[in-house]
Amino acid sequence: MNTTPDDVMLALWLDDELEGDEFARVEAWAADHPEQLAAREENRRWRKQMAVLVPASEEPPYPDFFNSRIRREIAESAPVETVARGRKVTWWRAVWMPTAAVAGMALTFWVGTRVPQTQTAGRVAVTTPAPPAISPALYTPDGEVKADYFSSSKAGATVIVLDGVAAIPDDMDFSNTAAIDTPADSDLTASHDQPADSQ
Amino acid sequence: MNRRHWIALVLPWVLALPGGAQEDPGKQALGTVNVRVYYATNGDPDVSKSKKQLPAAVVKRLRSEAKLKFASYRELGVDTRPLFRSYENWAQPLGSSDEVLVRFEAQTRPTATSARLGIELWLSRKKVLKTEATVTTEKPLYVLGPKWRGGQLIVSVGLAPKEKRGS
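Draft legend 1. Up close: the sheet that holds strand 6 (residues 126-136) of chain B. Overall, antiparallel pairing links the five strands, which are arranged 1(A)-6(B)-5(B)-4(B)-3(B) in an open sheet. Each edge of the open sheet is held by one strand with a lone partner, namely strand 1 (138-139) of chain A together with strand 3 (89-91) of chain B. Here strand 5 (residues 114-123) of chain B runs beside strand 6 of chain B; their pairing, made up of ten bridges, is antiparallel. Across the sheet, the residue bridging to S114(B) is T136(B), located in strand 6 of chain B.

Right, here's the structure in full:
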């Protein structure tokens, strides 16, 4: 009687997926095949390692604004790379780099005194372009609507100004949905209408 | 069927109800988001028919930014919603009106004071803006939106501070 398992059965046995009679048959066959027992052990070790390395749960990725997020990640990682490179400072760099930097600054200053002011301003603008500002992703499905973003340090807020958005009809009434002062709320609030406008 | 039979029949169901249902981890609330709609105007604020004044700190904050500077402000509505881990969230700050809706979802796991959100602003049941922003308990997102009754609506999206236990 041929007891040699076929490839499918052997693969299942290697993955510890067999049960019952099928498992017993392949197990009996494998007792005379130490290389298969070793392969199964290796397989088990690998699965254990993978269970440790691969997290059981992971934050799901989100596809929104894929390109802008890549740009942001690159921008955010750039300073880190600079710091990492700066750590590998050899002795000659430690000596010569400051010297060369000072010499370069002196030379630049001297050249600067030789060039007329108007040309200097132009050259600086051309030779040292400002890095592209990384603005957050904004999407307005309506082509008529433009969105302008800025971070307002004065207001302590992120601000988006929508331009071109359709006005809400004046006959739309929110009075039945508008917030009503409660005693607790009134403790927190105060009238700040400017006198000229409250008339 | 006597009383004992009824109890024997009903009791297992009653006991099974709280623990039997599997908790959905996606419904875990990662934080709370406040969405407010302000009416800002240089005219008569009473045309909004809202008497709700804004806190002094908020008025000062708005007036400090030129684009948001108006003579008067009123709060038209507020909606406070939990930020679910795996579900989209909708805020309807104008109560029964769906004229202004804000859809938001977490893009990263929020900290105690900050959350990165994917945000959509819907006006008149139409999406007008989609963006992503980091909002904190101290730094909200203000959207200067549509004109209405001589003024303009400002939609504020902010992270509500976590309530202290026992307070």
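Draft legend 2. Highlighting the packing of helix 1 (residues 7-14) of chain A against helix 2 (residues 20-30) of chain A. Residues and elements named next belong to chain A. Running from N to C, helix 1 and helix 2 point in directions that differ by 95 degrees, and their axes come no closer than 10 Å. The orientation of helix 1 relative to helix 2 falls into the category roughly perpendicular. Of the residues in helix 2, those touching helix 1 at M9, L10 and W13 are E22, F23 and V26. A per-class count over the contact of helix 1 with helix 2 returns five nonpolar, no polar and one charged.

Draft legend 3. Unusual backbone geometry, seen in detail. All names here are of chain B. Even without being glycine, K49 reaches a positive phi, approximately 65 degrees. Turning to its location among the elements, K49 is positioned in the loop between strand 1 (29-41) and helix 2 (56-63). Its identity as a non-glycine residue notwithstanding, R149 has a phi of 50 degrees, on the positive side. Residue position: R149 is located in the loop between strand 7 (141-148) and strand 8 (151-159). R149 sits in the buried class, given 22 other C-beta atoms within 10 Å.

Draft legend 4. Structural detail: the interface of chain A and chain B. Taken together, the 45 residues of chain A in the interface contact 51 residues of chain B. For the side of chain A that touches chain B, the elements supplying multiple residues, two or more each, are strand 1, strand 2 (146-152) and strand 3 (157-163) of chain A. Among the elements that make up the side of chain A that touches chain B, the one with the highest residue count is strand 3 of chain A (six residues). Within the side of chain A that touches chain B, the residues separate by chemical class into 26 nonpolar, eleven polar and eight charged. As judged from the two bridges shared by strand 1 of chain A and strand 6 of chain B, these two strands associate in the antiparallel manner. Paired with Y139(A) across the bridge in strand 6 of chain B is K130(B).

Rules behind the numbers
Residues numbered from 1 in each chain as written. Chains lettered and ligands numbered in written order. Predicted model: local features only at pLDDT ≥ 70, side-chain atom pairs only at ≥ 80, totals over all residues. Pairing = 2+ DSSP bridges. Helix = DSSP H or I, 4+ residues; strand = E, 2+ residues; numbered from the N terminus. Axes fitted to C-alpha atoms, helices over the stretch in contact; angles between N-to-C directions. Parallel < 35°, antiparallel > 145°, perpendicular 65-115°, else oblique. Contact = placed C-beta atoms within 7 Å. Nonpolar A, V, L, I, M, F, W, Y, C, P; charged D, E, K, R; others polar. Buried ≥ 20, exposed ≤ 12 C-beta atoms within 10 Å, placed from the backbone.

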